[in-house]
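The chain contents come next:
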Amino acid sequence: MKVSITLLALGLFILLLEANPGIKVKITQKALDYGNQFGVELLKQKLKEKTFEDWNGESTYLFSALNYTISKIRIDNTEFPNTSLSLISGTGIKLLVENASAIATGDWSAETWLFKDSGRAAVFISGVNLTAVVNVSRNVFGHLKLLLDSCKAYVDDMDIRLNQSYRHDLFCSDQMIEQEVQAQIGNFAVIDYSLINSSTILESSINLDLKGTVYPVEEITEPPFKPTPFVLLNENNSMFYIGISEYLLQSVSLAFHASGAFTISAEQEEMLSSYFNLTTDALESIIPTISHIYAKPLPVIMNIRIIDAPVISLHDNKSILDFSASMEVLAKIPNSTTQSMFTLNITTRARADLTIFNRRLLTTLCLNSFHISLAHSNVGLFEASLLDNFLSYILQTGIIPAVNFKLKDGFPLPILDPVILMKPSIRIYEGFLLVSTDIQSLQ
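Residues numbered from 1 in each chain as written. Predicted model: local features only at pLDDT ≥ 70, side-chain atom pairs only at ≥ 80, totals over all residues. Heavy atoms only, no water.

Trainee: Is there a simple way to explain the side chain of N129 in this structure?
Mentor: As for its position among the elements, N129 is in strand β6 (residues 116–138). There is a polar contact of 3.1 Å between the side chain of N129 and the backbone nitrogen of N99. For N129, the side chain forms a polar contact with the main-chain oxygen of G127, separated by 3.0 Å. Once residues lying within four places of it in the same chain are set aside, the contact partners of N129 are V97, E98, N99, K152, A153, Y154 and D156. (Helix = DSSP H or I, 4+ residues; strand = E, 2+ residues; numbered from the N terminus. Polar contact = N/O pair within 3.5 Å; in protein donor to acceptor, adjacent residues only side chain to side chain. Contact = heavy atoms within 4.5 Å.)

Trainee: Sorry, what's going on with the sheet that holds strand β10 (residues 189–192) here?
Mentor: Sheets are built from strands paired through backbone hydrogen bonds, the pairs being either parallel or antiparallel. The three strands lie next to each other as β9-β10-β13, forming an open sheet whose pairing is antiparallel. Edge positions in the open sheet fall to β9 (182–185) and β13 (213–216), since each of these has one partner strand only. Across the sheet, the mean angle from the axis of one strand to that of its neighbour is 30°, orientation sign disregarded. The sheet contact formed by β10 and β13 spans four bridges and is antiparallel. Each residue of the ladder has a partner; that of A189, found in β13, is P216. (Pairing = 2+ DSSP bridges. Axes fitted to C-alpha atoms, helices over the stretch in contact; angles between N-to-C directions.)

Trainee: Please clarify how helix α3 (residues 246–258) should be interpreted in this entry.
Mentor: Taking 1.5 Å of rise per residue, 13 residues should cover 18 Å, and α3 covers 18 Å from first to last C-alpha, within 8% of that figure. Of the positions making up α3, those classed as buried are Y247, L248, L249, Q250, S251, V252, S253, A255 and F256. Downstream of α3 by a residue or two, G260 has a phi angle that is positive, lying close to 85°. (Expected span 1.5 Å × (residues − 1). Buried < 20%, exposed > 50% of the residue type's maximum accessible area, 1.4 Å probe, protein only.)

Trainee: What should I look at first to understand helix α2 (residues 29–49) in this one?
Mentor: In an α-helix, one turn spans 3.6 residues, which is why side chains three or four residues apart end up on the same side. Taking 1.5 Å per residue as the helical rise, α2 with its 21 residues ought to reach 30 Å, and the 30 Å between its terminal C-alpha atoms agrees with that figure. What α2 keeps buried is the set A31, L32, Y34, G35, N36, F38, G39, V40, L42, L43, K44 and L47.

Trainee: I would appreciate a short explanation of the sheet that holds strand β21 (residues 419–429) in the present structure.
Mentor: Read from one edge of the open sheet, six strands run β11-β12-β1-β14-β22-β21, paired in antiparallel fashion. Across the chains shown, the open sheet's two edge strands, defined by having one partner strand only, are β11 (200–201) and β21. Packed on one face of the sheet, α2 meets β1 (23–28), β14 (240–245) and β22 (432–441) and runs near 60° to β1.

Trainee: Before we go on, may I ask you to explain unusual backbone geometry in this structure?
Mentor: The backbone phi angle of N317 is positive, close to 70°, even though this residue is not glycine. With respect to the helices and strands, N317 occurs in the loop between β16 (311–315) and β17 (318–332).

In structure tokens:
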């Protein structure tokens, strides 16, 4: 039973993050205090459920050798009256356990050359004291690494009746814990949360610099832009502070665009055209030549394409998304073919409203402004701005909702299950946004 390692893994579970350059994570002492409380309760539960290895030993009974086995060992009760997790500047985390105790039961069997017997046994362990230091660092792959640096433990008393000795490695053992660091974003992209350098450990917080780059699912290629530096605020009131840079959001946009997330399918275009039920005669007041080209009203089809990856920018208290699109307007001929009438270039600016739900950052776009120009026409020249009202309606009821649907999954924040975020808040600064939150375990 590796009690110390189990306690470290459970009490420090909060540190096993998927991490990355575009994201900064600060874990405060408040998070460690909660992790310690939750870890102890979870450890008690896991110890009761755990199946332990058999204990075998040899003792002396009436001047003869006695071989014994204790099997089917289970922990019936544990007490951890005093445990704590604290930070050691520049090193890692210190775990302190004082005066812990446990009661275990199991089946026993004993044999000498004189007799053979078996029954039930109770083991009483008291006065367990443990001090352990865990180094927090990264490996060559950028994975968060927790390495047990030192461990000192002693037990005041262990009463097994058959044997008063105990194994010292029951409580301390060298072990290293590492964490995989990649997460899927919908069907279109993956996010890399690897550490880009060693963590900075202060007396009041652990600070992690994470890669925070999003790639298309099909191909892992670096974006053609680099993250700019940003600094988290000097606050420690919440358990977690997560800084998300403009760079990360821009890599999300680039990955989604490269994966076709912003492409409007032919079926969607057909549904959009049917929804507006537009015909050529509705355009005659703006483009008079249409009445000469099409004697009878014909259905109109709109082919919409987002040309480049949307550009996301963060400013004090607001986030903006700019994108360019083209819209080809076609007449549907009775023989089921189409004829292009004109093509518009559209530049659009939208406000990006940010919310957090189920450990994910969600984005919802709301139209701010747009500009249109005539790119090509087969029905003569006309003033494109005359289509402003029509296009505004198309954007607000068709294109923007379609993009929002593609963004509905958001992207995961670097916090693991099984926790929920408690009263998370988002603040937007120049070049980055800051999420501050407490957590609560679901177990």
